[in-house]
Structure formats: C-alpha cells, structure tokens
Amino acid sequence: MGYAEFYRRSIDDRDAFWAEQARLIDWKEPPRTICDHSHPPFTRWFAGGTTNLCHNAVDRHLKDRADQPALIYVSTETGAERTYTFRELHGEVQRAAAALKDLGVQKGDRVLIYMPMIAEAAFAMLACARIGAIHSVVFGGFASVSLASRIEDATPKVIISADAGSRGGKVLAYKPLLDEAIRLSSHKPESVLLVDRGLAPMERVAGRDHDWAELTGRHSPAAVPCEWLDSTAISYTIYTSGTTGRPKGVQRDVGGYAVALAASMKHIFLGEPGETYFSTSDIGWVVGHSYIVYGPLIAGMATIMYEGLPIRPDAGIWWSLVEKYKVSAMFSAPTAVRVLKKQDPAFLKKYDLSSLKALFLAGEPLDEPTARWISDGLGVPIIDNYWQTESGWPILTIANGVEKKSSKFGSPGVPMYGYDVKLVHESTGEELTRPDEKGVVVIEGPTPPGFMQTVWGDDERFVKTYWQTVPGRMVYSTFDWGIRDEDGYFYILGRTDDVINVAGHRLGTREIEESISSHPNVAEVAVVGVADPLKGQAAMAFVVARDASALTDDKAKLKLEGDIMKLVDEQLGAVARPSRVHFVNLLPKTRSGKLLRRAIQAVAEGRDAGDLTTIEDPSALQQIRDLMGPIQK
Ligand code: ATP
Ligand code: MG
C-alpha cells in the first residue's frame, strides 16, 4: 500500500485503521471502543481496553529476547558504560517498583523524577509505569525555582533524584537544588529517593530521604507484577519547553500512547526488533520519553542512553557509539548538529557507520545548509520531523516504513497518518487549500492516539489555549505558521507569535533571521518585532558575531550593522530591514536550545520578561537589558 492510501484510510476509516495498529501491542483486555470523540475536543482512545506500558516495553520481550541488550548506558562524564539485557532490565525495574511500593506509592499517585541521564532514571520511569503511578520527569538542568513550580503543579508523593549530574566534566549538585525547591514549594513530598553516584556530598533529611541502592537492594530478586491499567488512565505528565510562555503540563494516556509509539517505530523510525536505537535527547524532554525510553523498548530494540556532550572527549563520540553498538537509527536535534558543524568534519568519516539507516532530527526548523552538511558528512538520509510535546510523536515527516519517499530540504514532510492537518487563515479561520498560501497549522479533531489528553489538572486551559484560538472553528492550534507546496509537503515558517507587522506588511522573523545569517560574520541571530510609533512594529536584530574581536569599537559595530541592514534590503526589501542590529555574546535560549524571542521582545519593549523558568543562562537577557538602557516609554 502506498503512503497516500495508508494516510487516507487513517482519516476516512479511522477506527479500522487504529484497531489494526492496536494489535502491535499486548492488551490484557482488548479495547471495546476504538475512538470515543463524544465530548470534543477531548478524545479517548481504546476505551475498555487494559494494558501497561512497562509490560509492552519490557516483560513482553522476555519470551523472545531476554538475553538481548535492552538498555545501553554510556556516560562520557563518569566513564560508566553498561548494557542491561531485557532480563536484567526486568529485574531492575521490579526492584525499583518494589521500592516505590515500600514508600506507599499506589496507582494514580504522582512520582516526580529529577535526575541526570543515568540508567536508574529509566528504571524509575518504567517502575512508575509498571505500578500505575504517574511520572513527571523534570529536566535535570533546571534550578530550584523551575523545579519548585513543577513540584507544586504535579503534587508528587515521592521525588526520585540523585546527588548530582555532570556536564562537560563539571559536577552539578542536584540535592541542594532539590532541597531548596521543596522548601519553596507549598506541596511537600512524603519521601525522597536518592541515587548516590558518589559525585557530590548529600545531606539527608531523616525520615524523608531514602537511599536508592539500599531500598531497591532489599528486594533482590523482586516480583512486582504489572498493574493492568485502563487505556485512558494517565501515564505521565510533562511540561512544554516554555518558549512562548508559562510551560503547559501535558497529560498523556496509557493505551493510546503505547499504540502510537509502536506504530511510529514501525512506520516512521525504521525500528526493527533486535537492532539499536540512539536518541541523543534527554529524558526531561518528550523526545526522551518517546524515543529514548518507551518507543525503542516497545519495538524490542536496544536503546542507548547517553550522558555527556556531543564533542567530548571529541566530536567523534556519537559516531564511535554508532560503530560500537551497530546503531541502526539515530534521533537528534538541529541545535546539536550546529554544535558539530563547528568541529572538524573528518570526525563524521572516522567510524564505520554502515549500520546506520537514517538520522532523524526534530525540535526546531532544520535549515538547508545544516541539513546538507550532516547529510553529506554521514552519507545517510536525514529525516526532519515536526512535532510538539503535546503530540508525543511526529505530526509531519515522511513514513519510510510505509513507502520510501524522498525528503525535501527545508520541509519536515507530509502529515502523518491519524493527523488531519490543515492550514487556516489566522483571522477568518478559513481553510487555505491552494499551494504556497501561508496559514496557521492546525489539527482537526479527533487527535490521534498518543496526543495529549488535556492540560494536567486544567481542562479549561486545554480547551481555551489550544482549541479556541481560530475564529469560527474548534481545531487544535499548533501556534506555528506553515505553507504547503503543490506536492503536499509542509514548510514551517515559525511561531505565530513571531510574526511582525511593519506598516501593514506581515513579516516572519525566521525569514529575516535567515537573511541575516547569510552574512559571513554572523554566527547566530534573533529578530523580534518592537513597538514603533510610526510603523506599528519594527524589526530589531540581536546578533552573535562569528568573530567578535573585530567589534571592539563603536565604529566597527556601526559598519557591521550597516552591512547587515544592506544585506536585508537586498534580499527581502527595505520593509524587512531591522531598525537596529545589536551585538551580544550569546542569545537567551531555553534549556532545550530554543530561542526565547518573546523574552527578548518584552525586554526590548521595556516590559517584564515573563516566565523565565526554562531559560538556560539569564545573563544573556541581562545583556539585552543593559543594551536597551533606561527604559524609553
Ligand atoms: P512552549 O509550548 O512552552 O512555548 P515549545 O513550543 O518550544 O514551548 P516543544 O513542545 O518542545 O515546546 O516544541 C514544539 C515546537 O518546536 C513546535 O511547535 C515548533 O515550533 C518547533 N519545532 C519542533 N520540531 C520542528 C521542526 N522539525 N521544524 C520546525 N519547527 C519545529
Ligand atoms: Mg509549544
């Protein structure tokens, strides 16, 4: 069957299509209703069915591949490297589950996981899934205030953490940050379970803090059966990156998610049981949930969990792992590829990459030069995929497992099966059907399996935020701009927030940024719209120069500013020309590497910067504040 027909069936014959996909996983009780959309925009998948994510990721494989690798843990920070077979993983997860039960954790209780990339973090997630506890993984790089707001929101009974993480050889103690976060939060966990890696000293709070090794060691061996859960029970909550505002707590189900992942591994990610998958993300992000932990394991693959930088000990580290573990599919982000691009390209050729079938990239727009560079360097297909924390798996990409299709540079691809993706006019809500018309990317309900159920604890925010923004119709807004070409390939043009209106001309910040990046002395750039008394808005650019040594005095800065303005004039026209080009050492980004344009814009307009709990380095924003000087109203 060709992809076009496969896709049509998923929309026109939805229940039959997904009933078939549901057979990719094990059920205790088979589903009674495939898709219940009786209370839109809420969608309940596979109601009446009971299953378990941990069973599908671990126990199910004991029959055929107990002694094959399941979890391969590699840390270039501590030098640790260990492979767990499915049998061993099964043992570890049961011990962790027994420890959680000792601490009184029951089905439906929340467990917050604030951990570095260590094997115990995966054991903890799977242990929660096993007993029906709802996990909420918080990225280990967050500090107390961000962590506190998530503790407050998730109200966990237990928090699992560790003494420390490590980044680029620098130890980052977690325990003091955790203690401070618990102090700041009005909700207090009953217990804290701590993995001691021997990296940093830990003060323990008597009666509250417990030792992971000790508690899990008491249960050796342990037999904790999987709890059979309703398909629509809650598996976990996870927060969005906070690029456009206060992070949203995304809530996900059990059965729909398991089916969505099993199907995506087969149709999109070329997942074959017995092969090895390597996703370079972090368990704190949705990619880590779907494609480090659950997806590959559900597919019966070994999954690599990597703690460390992509360039340490050198820029060949990832490729050496591909060679060593015969990685068949890899998943990373454009931001990581840009890091590698600054290194010697010889590293891409140093190792035997013959096992590798494709490199999948997601998280941000993948610009053509970056895609070409990595594609030429590795000699494997680069597959861009567009999705969100909310969706749990790709919305736009190409499904090479269904039909081999070539990708087009600059486009993540076509709508994935199950997603009724449309482009609509932002103010009239009218559907745009002609090629190259620019509109908001929306999804018509019911949303497919794996998609968020609601905002955790806030159905109203779910409906209001996502489903009531397009006039006249109830559709899910992605808040991204896109166009579709005559072959049905989509192009993402940026966030709906990122459009600026200069004297009635609507300009995408991404277009202006791409133009500015083509200047040889521009390493990185952010463009925002700033209120302007004459034009409504004006574009303002913040640039990190490739060679800042030449920018010592104001004359040199003015010269480069002028050159950049001229470049934009030539490429896009004078309306797009930034009113100012400021030079900074670094740009404010989220911990997941996304530009915080809304914070830059707020500061440039003299407003409060808003929620900054996910910012990587606050000094980046301070630089911009300093540049703006005393606020001119
Ligand atoms: P928040 O929703 O809290 O503002 P966020 O949208 O950055 O943060 P994520 O769910 O991590 O949180 O990111 C999803 C967004 O990332 C998408 O809506 C899109 O803007 C961008 N994105 C992801 N993948 C791609 C891609 N392949 N091409 C272009 N943009 C992408
Ligand atoms: Mg978002």
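Look up a bit, the structure's there.
Since this is a predicted model, take the numbers as computed values, not measurements.

Novice: Teacher, can you tell me more about the overall build of the protein here?
Specialist: Scanning the protein from terminus to terminus reveals 19 helices and 32 strands. With respect to the three principal axes, the spread of C-alpha positions in the protein is 70 × 60 × 50 Å. Scored against the burial criterion, the 633 residues of the protein give a buried share of 60%. Excluding contacts between residues fewer than 6 apart, the proportion of contacts in the protein whose partners are at least 24 apart in sequence is 69%. Positive and negative charge centroids in the protein, built from 71 and 81 side chains respectively, lie 1 Å apart.

Novice: What is the right way to read the side chain of Ser264 from this model?
Specialist: Relative to the elements of secondary structure, Ser264 occurs in helix H10 (residues 255-267). Only 3.0 Å separates the side chain of Ser264 from the backbone oxygen of Leu261, close enough to count as a polar contact. Setting aside chain neighbours within four positions, we find Ser264 in contact with Phe269, Tyr291, Trp393 and Tyr417.

Novice: Whenever I open this one, the packing of aromatic side chains confuses me. Can you help?
Specialist: Two descriptors summarise a pair of aromatic rings, namely the distance from one centre to the other and the angle between the planes of the rings. Summed over the entire model, instances satisfying the criterion amount to 38 aromatic pairs. A centroid spacing of 5.1 Å and a plane angle of 80° characterise the contact between Phe17 and Trp18, whose relative ring orientation is edge-to-face. The class of Phe17 is buried, set by a relative accessible area of 0%. One Lys or Arg, Arg150, reaches over the ring of Tyr239 and ends 5.3 Å from the middle of that ring.

Novice: When you look at the nonpolar core in this model, what are you seeing that I'm missing?
Specialist: Considering soluble globular proteins, one finds that nonpolar side chains tend to be buried as a cluster. Counting residues in hydrophobic clusters, the biggest one holds 120 residues, and the most contacted among them are Trp18, Leu100, Leu126, Ile160, Tyr291, Tyr294 and Tyr417. No other element matches the 11 residues that helix H6 (residues 119-131) contributes to this core. Sequence-distant contacts of Ile160, defined by excluding residues within four places in its chain, comprise Leu100, Val111, Leu112, Ile113, Tyr114, Met115, Ala124, Leu193 and Trp212. One finds Leu366, Ala371, Ile374 and Val380 within the second-largest nonpolar core, a separate group that totals 31 residues.

Novice: Looking at this structure, I do not really get the pattern of salt bridges. What am I missing?
Specialist: Two side chains that carry opposite charge are able to pair once their charged atoms sit near each other. Following the criterion strictly, the structure yields 41 salt bridges and no others. Glu77 is the salt-bridge partner of Arg312, the closest N and O atoms lying 3.8 Å from each other. Of this pair, Arg312 sits in the loop between strand E17 (302-307) and helix H12 (317-325) while Glu77 sits in the loop between strand E4 (69-75) and strand E5 (81-85); the two residues are 235 residues apart in sequence, bridging distant segments of the chain. A residue is classified by how much of its surface remains accessible, and Arg312, at 29% relative accessible area, is partly exposed. For the salt bridge of Glu92 with Arg95, the shortest nitrogen-to-oxygen distance reads 3.6 Å.

Novice: For this particular structure, what's the right way to read the site of ligand 1?
Specialist: Close contacts around ligand 1 come from 20 residues, with Gly242, Thr243, Thr244, Thr389 and Asp480 the closest. A distance of 2.4 Å separates an oxygen atom of ligand 1 from a polar atom in the side chain of Thr243. In the model, an oxygen atom of ligand 1 is placed 3.2 Å from a nitrogen or oxygen of the Lys248 side chain. Relative to its unbound accessible area of 630 Å², ligand 1 is 94% covered by the protein chains. Among the residues making up the shell around ligand 1, the classes are represented as four nonpolar, nine polar and seven charged.

Novice: Looking at this model, I keep getting lost on the side chain of Thr370. Mind explaining?
Specialist: The residue Thr370 is located in helix H14 (residues 368-378) in this model. Reaching out from Thr370, the side chain makes a polar contact with the side chain of Lys341 at a distance of 3.4 Å. Contacts of Thr370, omitting those with residues within four sequence positions, involve Val337, Arg338 and Lys341.

Novice: Teacher, can you tell me more about the pairing of strand E31 (residues 536-545) here?
Specialist: Here is the key point about a regular strand: its side chains alternate between the two faces of the sheet. Counted residue by residue, E31 has nine buried out of 10 residues, so it is predominantly covered. Hairpin connection, strand E30 (residues 522-532) to E31: the antiparallel pair is bridged by three residues. Across four bridges, E31 lies against strand E32 (residues 580-583) in parallel orientation. When the bridges of E32 are listed, Ala541 appears paired with Val581.

Novice: Help me understand helix H11 (residues 286-298) in this model?
Specialist: One turn of an α-helix holds 3.6 residues; hence residues three or four places apart share an orientation. Taken across its 13 residues, H11 has 13 buried, putting it largely inside the fold. With its phi angle positive at about 75°, Gly300 sits one or two positions after the end of H11.

The rules we used
Residues numbered from 1 in each chain as written. Chains lettered and ligands numbered in written order. Predicted model: local features only at pLDDT ≥ 70, side-chain atom pairs only at ≥ 80, totals over all residues. Heavy atoms only, no water. Helix = DSSP H or I, 4+ residues; strand = E, 2+ residues; numbered from the N terminus. Buried < 20%, exposed > 50% of the residue type's maximum accessible area, 1.4 Å probe, protein only. Contact = heavy atoms within 4.5 Å. Lys, Arg positive; Asp, Glu negative; His and termini not counted. Charge placed at Lys NZ, Arg CZ, Asp CG, Glu CD. Polar contact = N/O pair within 3.5 Å; in protein donor to acceptor, adjacent residues only side chain to side chain. Phe/Tyr/Trp six-rings, centres within 6.5 Å; stacked < 30°, edge-to-face > 60°. Lys NZ or Arg CZ within 6 Å of the ring centre and 35° of its normal. Core = buried A, V, L, I, M, F, W, Y, C linked by side-chain atoms within 4.5 Å. Salt bridge = Lys/Arg side-chain N within 4 Å of Asp/Glu carboxyl O. Near = heavy atom within 4 Å. Areas by Shrake-Rupley, 256 points an atom, 1.4 Å probe, with all protein chains shown as cover. Nonpolar A, V, L, I, M, F, W, Y, C, P; charged D, E, K, R; others polar. Pairing = 2+ DSSP bridges.

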